[in-house]
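# Structure at a glance
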Amino acid sequence: MVLSAADATHVHTVLDHVKGHEDTYGAEALNRTFTSHPQTKTYFHGKDLAENSAYLHSHGKKVMSALVNASAHCDNIYGALDKLSDMHAHELMVDPANFPILAHNILVTLAIHLPQVLTPACHVSLDKFLCEVGDALTHKYR
């Protein structure tokens, strides 16, 4: 799926508001994922996944920063996420079914924190973007 120019603009609009809040929004999205789908915790054995833990905020920041970075490359998301794709597929061996779960929880988190920004059009575009990110992260599994 290729994002249209309008989709890319909508994604930038939303993710520009994420900048400076990557750790908070990322930690909340991860916490929602781990709480609603406990099987997703499998890949974080021994890590402190408590709601306000330093680890959760650190990893949340990595996740949201990767999305902000990928949004700068809407025309080549696969290229922008190539190293992360390798890491998730070959080193971490994360279940690809977890990416849509996290994407959903990112949308929920952003809808809560950015209701004026996440208009229906921006929501659809961000959903397309997150699907594309999930595809990019899992394409090395094949």
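These numbers come from a predicted model, not from an experiment. (Residues numbered from 1 in each chain as written. Predicted model: local features only at pLDDT ≥ 70, side-chain atom pairs only at ≥ 80, totals over all residues. Heavy atoms only, no water.)

### What about the environment of Thr33?
Checked against the element boundaries, Thr33 lands in helix H2 (residues 22–36). For Thr33, a relative accessible area of 3% translates into the label buried. For Thr33 and Asn105, which are 72 residues apart along the polypeptide, the C-alpha to C-alpha distance reads 6.2 Å. (Helix = DSSP H or I, 4+ residues; strand = E, 2+ residues; numbered from the N terminus. Buried < 20%, exposed > 50% of the residue type's maximum accessible area, 1.4 Å probe, protein only.)

### Some points on the packing of aromatic side chains
The full count for this structure, using the stated rule, is 2 aromatic pairs. Measuring from ring centre to ring centre gives 5.1 Å for Phe34 and Phe44, while their planes differ by 65°; the resulting arrangement is edge-to-face. Taken together, the residues span a long stretch of sequence, with Phe34 in helix H2 and Phe44 in the loop between H2 and helix H3 (54–71) at a distance of 10 residues. For Phe34, a relative accessible area of 3% translates into the label buried. Residue classification places Phe44 among the buried residues on the basis of a relative accessible area of 15%. When the centroid spacing of 6.3 Å and the interplanar angle of 65° are considered together, the rings of Phe44 and Tyr55 count as edge-to-face. Remark: Tyr55 occurs in helix H3 and Phe44 occurs in the loop between H2 and H3; sequence separation between them is 11 residues. Exposure remark for Tyr55: the relative accessible area of 25% places this residue in the partly exposed category. Feature note: the residues Phe34, Phe44 and Tyr55 constitute an aromatic cluster, connected by ring pairs. (Phe/Tyr/Trp six-rings, centres within 6.5 Å; stacked < 30°, edge-to-face > 60°.)

### Here we look at the nonpolar core
Core analysis: the largest hydrophobic core is formed by 39 residues, its most contacted members being Ile106, Leu110, Leu126 and Phe129. Mapped by element, the contributors of at least two residues to this core are helix H1 (5–18), H2, H3, helix H6 (98–113) and helix H7 (120–138). For this core, the element with the highest residue contribution is H7, accounting for 7 residues. (Core = buried A, V, L, I, M, F, W, Y, C linked by side-chain atoms within 4.5 Å.)

### Some remarks on helix H5 (residues 82–91)
Since the α-helix advances by 3.6 residues per turn, residues separated by three or four positions end up pointing in the same direction. Ser85, His88 and Ala89 are the residues of H5 that are buried. Considered in projection along H5, the buried side chains sweep an arc of 90° and stay on one side of the axis. Exposed and oriented more than 90 degrees from the buried face of H5 are Lys83, His90 and Glu91. Just past H5, the residue Met93 takes up positive phi, approximately 50°. (Arc of directions from axis to C-beta.)

### Comments concerning the state of the cysteines
Tallying each qualifying case throughout the model produces 0 disulfides. The cysteine Cys74 is free of any disulfide, with Cys122 supplying the nearest cysteine sulfur at 12 Å. By relative accessible area, which is 15% here, Cys74 ends up buried. Given the relative accessible area of 5%, Cys122 is considered buried. (Disulfide = S-S within 2.5 Å.)

### Examining the packing of H5 against H7
Relative orientation of the contacting elements H5 and H7 amounts to 60°, with a least axis distance of 7 Å. Judged by the angle between their axes, H5 and H7 are oblique. Side by side, H5 and H7 meet where Leu84, Ser85 and His88 of the first sit next to Ala136, Leu137 and Thr138 of the second. Residue classes in the contact of H5 with H7 are distributed as 3 nonpolar, 3 polar and no charged. (Axes fitted to C-alpha atoms, helices over the stretch in contact; angles between N-to-C directions. Parallel < 35°, antiparallel > 145°, perpendicular 65-115°, else oblique. Contact = heavy atoms within 4.5 Å. Nonpolar A, V, L, I, M, F, W, Y, C, P; charged D, E, K, R; others polar.)

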